Structure formats: C-alpha cells, structure tokens
Amino acid sequence: MIIKQLSVFLENRPGHLGRVCEVLARDGINIETMTLADSREFGILRLIVREWNQAKVTLEAAGFTVNTTDVMAIEVADEPGGLERILKAVENGGLSVEYMYAFACKRQANALIVIRFDDVERARAVLQKAGVGMLSAVEFYG
Amino acid sequence: METHRHPESRPDYLEFGELRELQLQRLKATVSRCYGKVALFRSRLEERGLAPEHVRSLDDVAQLPFMQKTDLRDTYPYGLFASPLRDVVRLHASSGTTGKPIVVGYTRDDLDVWSSLVLRAFVATGLHAGDVLQNAYGYGLFTGGLGAHYGAERLGMTVLPISGGNSERQILALKDFGVTAICCTPSYFVHLIERVQASGISFQELSVRTGVFGAEPWTEAMRGYIERESGIKAYDIYGLTEIIGPGVGIECSEQAGLHIFEDHFLMEIVDPNTGEVLPDGHEGELVITTLTKQAFPMIRYRTHDLTSILPERCACGRTIRRISRIRSRCDDMMIIRGVNVFPSQIEAALLSVKGTVPHYQILLSRKGGLDQIEVLVEVTQEMFGDRISELEALQARLMQAIEHITGLRVPVRLVEPNSIARSEGKAKRVIDKRSDGETAR
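Residues numbered from 1 in each chain as written. Chains lettered and ligands numbered in written order. Predicted model: local features only at pLDDT ≥ 70, side-chain atom pairs only at ≥ 80, totals over all residues. Heavy atoms only, no water.

**Quick notes on the sheet that holds strand 15 (residues 328–329) of chain B**
Residue and element names in this part refer to chain B. As summarised here, the arrangement of the four strands in space is 10-11-12-15, forming an open sheet in which the pairing is antiparallel. Edge positions in the sheet fall to strand 10 (265–270) and strand 15, since each of these pairs with one other strand and no more. Where strand 11 (residues 284–290) meets strand 12 (residues 301–307), four bridges bridge the pair, whose relative direction is antiparallel. Its bridge partner being in strand 12, Ile288 is matched across the sheet by Tyr301. (Pairing = 2+ DSSP bridges. Helix = DSSP H or I, 4+ residues; strand = E, 2+ residues; numbered from the N terminus.)

**Observations regarding the sheet that holds strand 5 (residues 181–184) of chain B**
Residues and elements named next belong to chain B. In spatial order, the strands read 4-3-5-6-7-8-9-14-13; together these nine strands make up an open sheet with mixed pairing. If you trace the sheet from one side to the other, it starts and ends with strand 4 (158–160) and strand 13 (309–310), each paired once. Summarising the sheet, strand 7 (residues 233–240) and strand 8 (residues 245–251) pair through four bridges and their orientation is antiparallel. The partner of Ile237 across the bridge, within strand 8, is Ile250. On top of the sheet, helix 7 (residues 186–198) reaches strand 5 and strand 6 (210–214); it is set at about 125° to strand 5, its chief contact. Helix 8 (residues 220–230) contacts strand 6, strand 7 and strand 8 of the sheet and is inclined by roughly 135° relative to strand 7. (Contact = heavy atoms within 4.5 Å. Axes fitted to C-alpha atoms, helices over the stretch in contact; angles between N-to-C directions.)

**Some thoughts on the pairing of strand 6 of chain B**
All names here are of chain B. Buried residues dominate strand 6, accounting for five of its five residues. Burial along strand 6 is two-sided: the face carrying Thr210, Val212 and Gly214 and the face carrying Gly211 and Phe213 are both buried. Looking at chain direction, strand 5 and strand 6 are connected through four bridges and run parallel. Paired with Ala181 across the bridge in strand 6 is Thr210. Relative to strand 7, strand 6 runs parallel, the two being bridged by five bridges. In the strand pairing of strand 7, Thr210 is matched with Lys233. Handedness of the crossover joining strand 6 and strand 7 through helix 8 is recorded here as right-handed. (Buried < 20%, exposed > 50% of the residue type's maximum accessible area, 1.4 Å probe, protein only. Right-handed = clockwise from strand over helix to strand, strands pointing away.)

**Digging into the interface of chain B and chain A**
Each side of the interface is counted separately: chain B has 18 residues, and chain A has 26 residues. When residues of chain B are sorted by the area they lose upon contact with chain A, Phe384(B), Asp386(B) and Glu416(B) head the list and together hold 39% of the total. Between Arg387(B) and Asp118(A) there is a salt bridge; the shortest N-O distance is 3.5 Å. For the side of chain B that touches chain A, the secondary-structure elements that each account for two or more residues are helix 10 (388–406) and strand 20 (412–415) of chain B. (Buried area = accessible area lost by both parts, 1.4 Å probe. Salt bridge = Lys/Arg side-chain N within 4 Å of Asp/Glu carboxyl O.)

**Looking at the layout of surface pockets**
Residue and element names in this part refer to chain B. Its boundaries defined by the atoms lining it, the second largest pocket holds a volume of some 960 Å³. Glu194, Gln197, Ala198, Thr380 and Gln381 are the residues nearest the centre of the second largest pocket, which is lined by 33 residues in total. Those elements that place two or more of their residues in the lining of the second largest pocket are helix 6 (167–176), helix 7 and helix 8. The dominant element in the lining of the second largest pocket, judged by the number of residues it contributes, is helix 7, at five residues. (1 Å grid on protein atoms, 1.4 Å probe; cavity = no way out; pocket = protein on both sides within 12 Å on 5 of 7 lines; lining within 4 Å. Points joined across faces, edges and corners; volume = space filled by probe spheres on them.)

**Looking at the packing of aromatic side chains**
Going through the model one piece at a time under the given rule, you end up with 10 aromatic pairs over all chains. A centroid spacing of 4.6 Å and a plane angle of 10° characterise the contact between Tyr106(B) and Trp114(B), whose relative ring orientation is stacked. Side by side, Tyr106(B) and Trp114(B) carry an identical accessibility label, which is buried. Ring pairing ties together the aromatic residues Phe189(B), Phe203(B), Phe213(B) and Trp218(B), which thus form one cluster. Above the plane of the ring of Tyr99(A) lies Arg46(A), whose end atom (NZ or CZ) is 3.6 Å from the centre. (Phe/Tyr/Trp six-rings, centres within 6.5 Å; stacked < 30°, edge-to-face > 60°. Lys NZ or Arg CZ within 6 Å of the ring centre and 35° of its normal.)

**Things to note about unusual backbone geometry**
Residue and element names in this part refer to chain B. Residue Pro77 follows Tyr76 across a cis peptide bond; omega there is -5°. Topologically, Pro77 is positioned in the loop between helix 3 (69–74) and strand 1 (90–94). For His304, which is not a glycine, the phi torsion comes out positive at approximately 65°. With respect to the helices and strands, His304 occurs in strand 12. According to the relative accessible area criterion, His304 is partly exposed, its value standing at 27%. Here Asn418, not a glycine, exhibits a phi torsion of approximately 65°, which is positive. Turning to its location among the elements, Asn418 is positioned in the loop between strand 20 and strand 21 (430–432).

**Quick look at the packing of helix 9 (residues 343–351) of chain B against helix 10 of chain B**
Residue and element names in this part refer to chain B. Look at helix 9 against helix 10: their axes get within 8 Å of each other, and the N-to-C directions meet at 135°. If you check the angle between helix 9 and helix 10, you find them oblique. Relative to helix 10, helix 9 is oriented so that their crossing is right-handed. Counted together, Gln345, Ile346, Ala348, Ala349 and Leu350 of helix 9 and Leu398, Ala401, Ile402, Ile405 and Thr406 of helix 10 form the full contact between these two elements. Its residues placed into classes, the contact of helix 9 with helix 10 shows eight nonpolar, two polar and no charged. (Parallel < 35°, antiparallel > 145°, perpendicular 65-115°, else oblique. Left-handed = near helix turned anticlockwise from the far one by under 90°. Nonpolar A, V, L, I, M, F, W, Y, C, P; charged D, E, K, R; others polar.)

**With respect to the pairing of strand 19 (residues 370–378) of chain B**
Residues and elements named next belong to chain B. Note that strand 18 (residues 360–367) and strand 19 share eight bridges and pair antiparallel. Bridging across to strand 19, Leu363 finds its partner in Glu374. If you look at the hairpin formed by strand 18 and strand 19, you'll find two residues sitting between the two strands, and Gly368 has a positive phi there, around 60°. As paired strands, strand 19 and strand 20 are joined by four bridges and run parallel to one another. The partner of Glu378 across the bridge, within strand 20, is Val415.

**Structural notes on the nonpolar core**
Nonpolar side chains in soluble globular proteins tend to be buried together. Residues and elements named next belong to chain B. In this structure, Phe122, Tyr238, Val248, Phe265 and Ile323 are the most contacted members of the largest nonpolar core, which totals 71 residues. The greatest single-element share of this core, amounting to nine residues, is contributed by helix 4 (residues 108–124). Setting aside anything within four residues of it in sequence, one finds Phe265 in contact with Gln23, Leu117, Ile243, Ile244, Gly247, Val248, Ile260, Ile288, Thr289, Thr290 and Leu291. Counting 32 residues, the second-largest nonpolar core is a separate cluster that includes Leu391, Met399, Val410 and Leu414. (Core = buried A, V, L, I, M, F, W, Y, C linked by side-chain atoms within 4.5 Å.)

**Regarding the pattern of salt bridges**
By the definition in use, this model includes 33 salt bridges over all chains. Arg13(A) is paired through a salt bridge with Glu11(A); the nearest N and O atoms lie 3.3 Å apart. Two residues, Arg85(A) and Glu79(A), come together in a salt bridge whose shortest N-O distance is 3.0 Å. One network of salt bridges, in which partners are shared, links Glu98(A), Asp118(A), Arg387(B) and Glu390(B).

Next up, the structure:
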C-alpha cells in the first residue's frame, strides 16, 4: 500500500525546476505525477516515478538533495462528495494528513490522490476498515 | 602519542632559563643582522635614535619598530632580504588577496631550520618514521606543500606529494597506499570526508588515523565534526609565509593550544589598536620576531592573528609555551549594526545545530548605507526532511544559534548542495560586496 515518493530540495531560482525534469528525461525516467510545495525562500518538489531508486541516484549524481517518503495512493470516486467521504474516514480515524495532491489522470472512474499521512500504518488500517480503495505499488504502476 | 622523544625535539623541552638565554643571544644577532642588511629596518631604528646595542634584554624588543604586511608590499620583491640573492636558494610567495604577492626567501641554513621545525611539529602530533603521509597542501609557490614535504621527509615518513585538488585521486591514495596521516587545509578535508562518504567507503576501512590541518583558522566545533565523521585525530598546525611557512607552532597530543617553537620565534601579544604589549593570558594580536632566519628575518611582525599566550605548563612536558587556538584574524572581524562578529562565531553556531555540514558562506553587502549580512548554508541529505515546516524549523534553529552566539539576528538562506564553491586551499568564507570592492577572505 506504500508508494515511494521522492522529494527534491530546490532554491527559488529560475531554471532549477527545469533542470530536475531535464535530468530525469535524459535518463529516460517518466514522471507519473508531481507537485511543488513552496515557501518564500525554497521549494520542495515531490515526484512519483516508477523507477524511483534510479531517479534518486540520477538526481543525486546531478547534485540535488533527494529524500524518499512513504505515501499512499488512494482511489476517489470521481464525483461530487467523493473526496469528502474519504476525508470523513480520515477524520473519524483520527489520522493526521501532512499533505496531499491529486493525479492528473484517472483510473477508470476513479480519481487518484496521493496522501502523506503522519502514521502510515495506522492510516492503512483505518482506511481498510472504512473500505477506501488504496493501490499497491504493483497496481499503481500497472 | 609520542612514545619517545625525538632527538631534534630536544629544544621543545629546554629549561626555561636556558631557553630565554638562547632567545636573547639570537635576538641580538638578528637585530644586528637586520640593522646591517635591511634598509627599511635601519632607517626605522635611526628615526627612533636606536641601535642594536640598545637591545640588552628580551623586554627591550618592545622598543623596536613593528613590521607589517604593507612593508612587504612596499619593498616588493626583494627589498627586505638580508642575504644576497645568490645565497637565496628558495623563493616562495603567497597570493595577497589584493595587489601583489608577498615574496620570501630562504638560504640553505634557513631551509635546514625550516625542515627541522616541521619535523618537530609532526613529532608533536605523534607521527614518526614509518608513517605514510599524504601531503595534500599545494606544492608550488605556497609554503605549505614544500614546507610540509621537507619536514616529513626529514622525519623519515613515507611522503606522497599529492598536492591539492583531484579528490578522486586523493581518495584512491587513501584507499590504496596505506596512508596513515594526511595534511591539508581543514576545509579541504571536510570536502574529502563528503566525497569518501559519497563513494560508499567507510573511514573504518581506511588506515588514516592522523590529520595535520592548517593554513586557515578553524574552530573546535570544526575539529569535533572532522574527528566524529572520520575517526581521525585532527591537529592544528600554525604558520605564516612571512615568518617561515608551516612550522611556527603545533598542537601536541593534548590538543590544547599551539606550542610555538620559541627557540626560533620570539612572540609577544599586543593590543591591536595601540600596539601596547599585553601580559600573558590576555588576548591580542600575535607579534613574532624570527630569531634565526637569514635571508628573510622579521622583527616584531604583526601577524593580525588574535590569540593569547597560555603560560601554564602543558601536560606533554614541553616548556615551549602555547598560544590559544587562533580564533580569527583581526581583519576578519566584521562590524554589523555596531556588533563585532567573526566568521569563526558563525561557524561554531552553524555546527552546533545537529546535522549541519559546514559548507557555509557569509555575504556582506551594503544597502541604504547600512551593512547587511546573510549566511548561506548548504542543505544536505541529513538536514533535508520532506516537509517545508522541517526546513523552516531548521532555518529558524540556525538563525537562533547565530543569534545566541553573536547577539545578532542574521538571515540564513538554505541553498542547494555544491552551490557554495569548494576550495582545495583556504575556504572563502566571507564575500564582501560592500562599497570598498569585493574581497574574499
């Protein structure tokens, strides 16, 4: 149920984000999804890629600081109220969400969101009980 | 650990009275030599109505005029030489940060003394014939490389004259050549530590156990970092081109101050502003008079290094006295919003925050007539969590640490790894972009 996400530290300067993409593209790595979190002074680029280990090595060799984080990929019914139901389960289970972001593409009728939970094991138990669809890495990458 | 005394180290243990007598004899000889051979020195003595015979005790040295770096610049290249050029068998030069280099010379006897002093320095750190030394100080005009080399060879160590730079080759040498000791600048060794770790090698696998680092000031915190990360013992060595090069002073195994080779160098501590001689234990500017140099003697040279004389006897048994670790050069001091700040304080503050690797730079600028300071710190794997809040908390901790030590709120900017230029030699810690031009120190 755990998907590996890469985080890359970026200074807030033109070209730095582009360089990450260039480095990955040159290595033939396709980005499944990404999001950029920013503060006033720096950003953290979060990426989901299939070959995450290779991507980490490649990015580090190119001089970036990279971290890996365990996140979950959750199926959400792509209709009004879909997300609300998930978040209700999260709230009822007393889970703490660090951040989340959605995927550009869907799986059949479902949207996909990536969530980082404070306590990933507890999240899995709570969501399983609530009948929320979570994708394993195998299912996720297809 | 020194297991026995090396015969050449005998003067380190001279009985006090004997040492002072030797110093006085040598001081008189040096003053006469300079008076006879160095025009600038003679004219200054004559201005004061002084002559060599007025120096009758060690205290009389305080009557003599100071010499400064500017004197070397003004007499460039050979104006201060006390030997004819044909007797000068070696020249060295140090790059001045502004203007012309400083040129120094050595006779055969000077080279003999120099290599003996460096030998004594290595011996004090516990090294001996049989050690394999990787000399990563720069070979060439810089006194560090050749200075360390001849001392090491004299001691009988197996010397690898690898010079600075080419980190991959440095690591290869550490791995393959049975290196037991290394010498280079502390900032370059920090760089090597990272490269070793990045290449997946552990320092446990390497045979290096001693490091002799110098040519730039470095803090106790930096020593702690180096020793923790590499497992080696890191010793401070002190020297300066204008005096001889490396071999003016050295830490012994106690690692509690630098023993100055008093049989060859007379030291005083003076108030940097008034030039008044200060008693032992007071911090001030180190002033050195060479006692045996022939080609390039120096009388009361103002080193611009801030330190104090430690009068207590060292546990190692040496009677040659110690000075405290050089905290900074007087001219390193920055005045920001009326507060005196030294780069070493910033360094100590940054290293006190767990996980910080000492790649930092201080940027000075002027905006609206006011001095601005910003500290750049590189973000490493260890420091980088996945959350903005973690990075912001880290930034806050770094700022708090700096404020705690300096009393100043200083902005800290986190930057990407390797964005601060690495040095093979002295690290450029301060980039000063204020109106008097850019000078990197």
